[in-house]
Amino acid sequence: MAPQRRRLHHLQRFPLLIPLISAVAAALMFLFALLSLLAPSPNETNHMHRPRQRSSFDVQSEDNAIGDNVFRVPKIIGKLNRGLWSFNNSVNFYGCSNASSEFPKAQAITHPDRYLVIATSGGLNQQRTGITDAVVAARILNSTLVVPKLDQRSFWKDSSNFSEIFDVEWFISFLSKDVKIIKELPAKVRRRSSLYSLRVPRKCSERCYINRILPILQKKHVIQLSKYDYRLANRLDPEYQKLRCRVNYHGLRFTDPILAMGRKLVRRMRMRSKHYIALHLRFEPDMLAFSGCDYGGGEKERKELGAIRKRWKTLHGANPDKQRRQGKCPLTPEEVGLMLRALGYGSGVHIYVASGEIYGGENTLAPLRALFPNIHSKETIAIKEELEPFSSFSSRMAALDFIVCDESDVFVTNNNGNMAKILAGRRRYFGHKPTIRPNAKNLYQLIMNRNNMTWEAFASRVQTFQKGFMGEPNEVRPGRGVFHENPSTCICEDSVPKVGQDSGHRKHGKDNAINENDDDEDYDDSGLPEMEDDDYENDEDLSDRVEKGTYNGTVSDYDAMNSQNPELEEVVSD
């Protein structure tokens, strides 16, 4: 009896203990039941952890791993060092294109009965190379140059004449000591001489002009050189090379309206950031169709780009994988972004995209925007009314992009067309500002295998591959590549910096643009006599070095094209 009384005594002391224990037990049972209902099945768990397949157009978040958990683009890289925006030794180099005392003045060598008419070809920058070479050709022939006619019939369908793009008065006056230039043929010359048109062979040297063109000019007195682009040898006497530089970097200035709008765009980029990158993306449908590459868009992409390729009968089928391996495909916007981040440019950097219609639109740009949120274009930093005077003219719109790209702290080119080459040469001439050209051949394999390495390893290898492709002084040996891209004859070096010496002011235009009416008759150059395209300068065949990935100049698609299709040349070369 005594033990029972003790148990009753304890229970009486803790009357709430039993209900409390029961309540806790019930709560725990309810919680376990709830968790069992919410827990995913094993199949669902496997599905959640299975990596999904990605196309190159997928948006990548910086907060998530790209690919697997190893390769992760860092969200913040830190303060950008000065080396990303300029080169320490660039101040020792300066443009030097003045003529020597042994180069006779135009007045002393120009024959009064020789007139050279030039009809350029292609887009703005292709025509710019033709205009530059036309001045040198006129000098070689000791003739008077008529202000060149711009191509108004090409793929670009731009009706602008010379004086609506360039300051014609400045062009004539600045070059007056080198070549006599007039706006149009004198009336008496037009009455007595018929205009004889022909095409000059590609890469025609000084000897070629003297032996093959001069006899015709002496006989006819007036000749027109049609489709004038790359009709002058890459290698010339240093005096002629310096004349090329005087024309390209000083004689050709944009008109006031173009210059004013271009400067406005530059100012607006500077208001957003102290430094900015300009990216010539070249991701238009025509460009991609020509490349014959695969950009991850699946069957829809293959059908759309394949239909465009069919417009050019001379364009044969291409092996996308081979094109990629050989570095002949433009990088996708995402790949450009990864390259720039690997080089050290942080997500806060502002980028100006110079491009026409981007294939895929915003969906294509989304991966680049995820890596660099501050993406701009002339359409986003200017209102429609400001661009209206230019928007119907492809060359004027291209001129605006040219100015913003030229004034950028870093210029990135994603192709090897004329704009890329001209700007690369211009930026070398005016102080070696960084000009990044993707080493596409080596970057291809690296980008394809990026999920098998850490970000640090990826970035290190990108930086290694890009050495020699950044626009540094002496990056390309003198005489290598296209002269417009590497104007080595016009760049001098001194141990004491000569900032601004001889290179003149970095201007794109001047006052008093003149509206010029072209009264000359339009000539149909179909069926014109075209001289045989001999190789007059014995240029080294670059194919071996390009194949090895060791050549750091740009090899133009234009050079590899079948010249039977001029419209195709115009599309991809600018």
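Bear in mind that the values here come from a model prediction, so they are computed numbers and not experimental data.

1. What to know about the overall build of the protein chain
Right, so step 1: When helices and strands are counted, the protein chain shows 25 helices and 12 strands.
Right, so step 2: The 574 residues of the protein chain split such that 53% are buried.
Right, so step 3: The contacts in the protein chain between residues at least 6 apart in sequence include a share of 82% that link residues at least 24 apart.
Right, so step 4: Accessible surface, the protein chain as shown: approximately 27600 Å² in total, 52% of it carbon and sulfur.

2. Observations concerning the sheet that holds strand S4 (residues 181-182)
Right, so step 1: Pairing in this open sheet of five strands is parallel, and the strands run S4-S3-S2-S6-S5 from one edge to the other. With partners counted over all chains shown, the strands left at the sheet margins are S4 and strand S5 (196-198), one partner each.
Right, so step 2: Sheet analysis places strand S2 (residues 115-120) next to strand S3 (residues 144-146), joined by two bridges and oriented parallel. Considered in S3, the bridge of Tyr-115 is made with Thr-144.
Right, so step 3: Sheet contacts for helix H5 (residues 124-140): S2, S3 and strand S6 (222-228); angle to S2, the most-contacted strand, approximately 165°.
Right, so step 4: Each of S2, S5 and S6 is contacted by helix H9 (residues 206-220), which is oriented at about 135° to S6, the strand it contacts most.

3. Observations concerning the pairing of strand S10 (residues 410-413)
Right, so step 1: Residues of S10 alternate between two faces, with Val-410 and Val-412 on one and Phe-411 and Thr-413 on the opposite face, all of them buried.
Right, so step 2: Of the strand pairs in this sheet, strand S7 (residues 276-280) and S10 are connected by four bridges, and their pairing is parallel. For Leu-279, the partnering residue across the bridge sits in S10 and is Val-412.
Right, so step 3: Where S10 and strand S11 (residues 435-436) come together, two bridges link them in parallel fashion. Residue Val-412 lies in a different strand from S11, and its bridge partner there is Ile-436.
Right, so step 4: This β-α-β element, S10 to helix H20 (residues 418-429) to S11, shows right-handed connectivity.

4. Here's the deal with the sheet that holds S7
Note: strands within a sheet are paired through backbone hydrogen bonds, in either parallel or antiparallel orientation.
Right, so step 1: Strand order in the open sheet made by the five strands is S9-S8-S7-S10-S11, with parallel pairing throughout. Every other strand in the sheet has two partners, leaving strand S9 (375-376) and S11 as the edge strands with one partner each.

5. Focus: helix H16 (residues 361-371)
Residues separated by three or four positions in an α-helix point in the same direction, a consequence of the helix having 3.6 residues per turn.
Right, so step 1: Turning to H16, its buried residues are Thr-364, Leu-365, Ala-366, Pro-367, Leu-368, Ala-370 and Leu-371.
Right, so step 2: As for H16, its buried residues are in contact with S7, helix H15 (333-343) and S9.

6. Here we look at the confidence of the model for the protein chain
Right, so step 1: In the predicted model, the protein chain carries a mean pLDDT of 79, and the fraction of residues at 70 or more is 71%.
Right, so step 2: The low-confidence segment residues 37-69, where pLDDT is below 50, has 46 contacts with residues more than four positions distant or belonging to other chains.
Right, so step 3: The low-confidence segment residues 509-528 (pLDDT under 50) makes 44 contacts with residues lying over four places distant or belonging to another chain.

7. What about the packing of H5 against helix H10 (residues 238-251)?
Right, so step 1: Packing of H5 against H10 brings their axes to within 9 Å, and their N-to-C directions diverge by 135°. Relative to H10, the element H5 lies oblique. H10 is crossed by H5, and the crossing has right-handed handedness. Taking contact as the criterion, the partners of Arg-128, Ile-131, Thr-132, Asp-133, Val-135, Val-136, Arg-139 and Ile-140 in H5 are, on H10, Tyr-240, Leu-243, Arg-244, Val-247 and Asn-248.
Right, so step 2: Residues belonging to the contact of H5 with H10 are distributed by class as follows: seven nonpolar, two polar and four charged.

8. Concerning the state of the cysteines
Right, so step 1: Scanning the entire structure with this criterion turns up three disulfides.
Right, so step 2: The disulfide partner of Cys-96 is Cys-492, and the gap between their sulfur atoms is 1.9 Å. In this structure, the disulfide formed by Cys-96 and Cys-492 twists by about 90° around the S-S bond and is classed as right-handed. Within this pair, whereas Cys-96 is found in the loop between strand S1 (93-95) and helix H4 (106-109), its partner Cys-492 is found in strand S12 (residues 491-493), the two being separated by 396 residues in sequence.
Right, so step 3: A disulfide bridge connects Cys-204 with Cys-208, and the sulfur atoms are separated by 1.8 Å. Disulfide Cys-204-Cys-208: the torsion about the S-S bond is -90°, which places it as left-handed.

9. Side note on the environment of Ala-399
Right, so step 1: You can see Ala-399 is positioned in helix H19 (residues 394-407).
Right, so step 2: The class of Ala-399 is buried, set by a relative accessible area of 0%.
Right, so step 3: Along the backbone, Ala-399 and Gly-262 are 137 residues apart, and their C-alpha atoms lie at a distance of 7.9 Å.
Right, so step 4: With sequence-adjacent residues up to four places away left out, Ala-399 is seen in contact with Leu-124, Phe-254 and Ile-258.

10. Examining unusual backbone geometry
Right, so step 1: The backbone phi angle of Lys-203 is positive, close to 55°, even though this residue is not glycine.
Right, so step 2: Mapped onto the secondary structure, Lys-203 falls in the loop between S5 and H9.
Right, so step 3: Taking relative accessible area as the criterion, Lys-203 reaches 32% and is therefore assigned partly exposed.
Right, so step 4: In this model, His-221 sits at a positive phi of 75°, which is unusual for a non-glycine residue.
Right, so step 5: Considering the arrangement of structural elements, one finds His-221 in the loop between H9 and S6.

Conventions and cut-offs
- Residues numbered from 1 in each chain as written.
- Predicted model: local features only at pLDDT ≥ 70, side-chain atom pairs only at ≥ 80, totals over all residues.
- Heavy atoms only, no water.
- Helix = DSSP H or I, 4+ residues; strand = E, 2+ residues; numbered from the N terminus.
- Buried < 20%, exposed > 50% of the residue type's maximum accessible area, 1.4 Å probe, protein only.
- Contact = heavy atoms within 4.5 Å.
- Areas by Shrake-Rupley, 256 points an atom, 1.4 Å probe, with all protein chains shown as cover.
- Pairing = 2+ DSSP bridges.
- Axes fitted to C-alpha atoms, helices over the stretch in contact; angles between N-to-C directions.
- Right-handed = clockwise from strand over helix to strand, strands pointing away.
- pLDDT = per-residue confidence, 0-100.
- Parallel < 35°, antiparallel > 145°, perpendicular 65-115°, else oblique.
- Left-handed = near helix turned anticlockwise from the far one by under 90°.
- Nonpolar A, V, L, I, M, F, W, Y, C, P; charged D, E, K, R; others polar.
- Disulfide = S-S within 2.5 Å.

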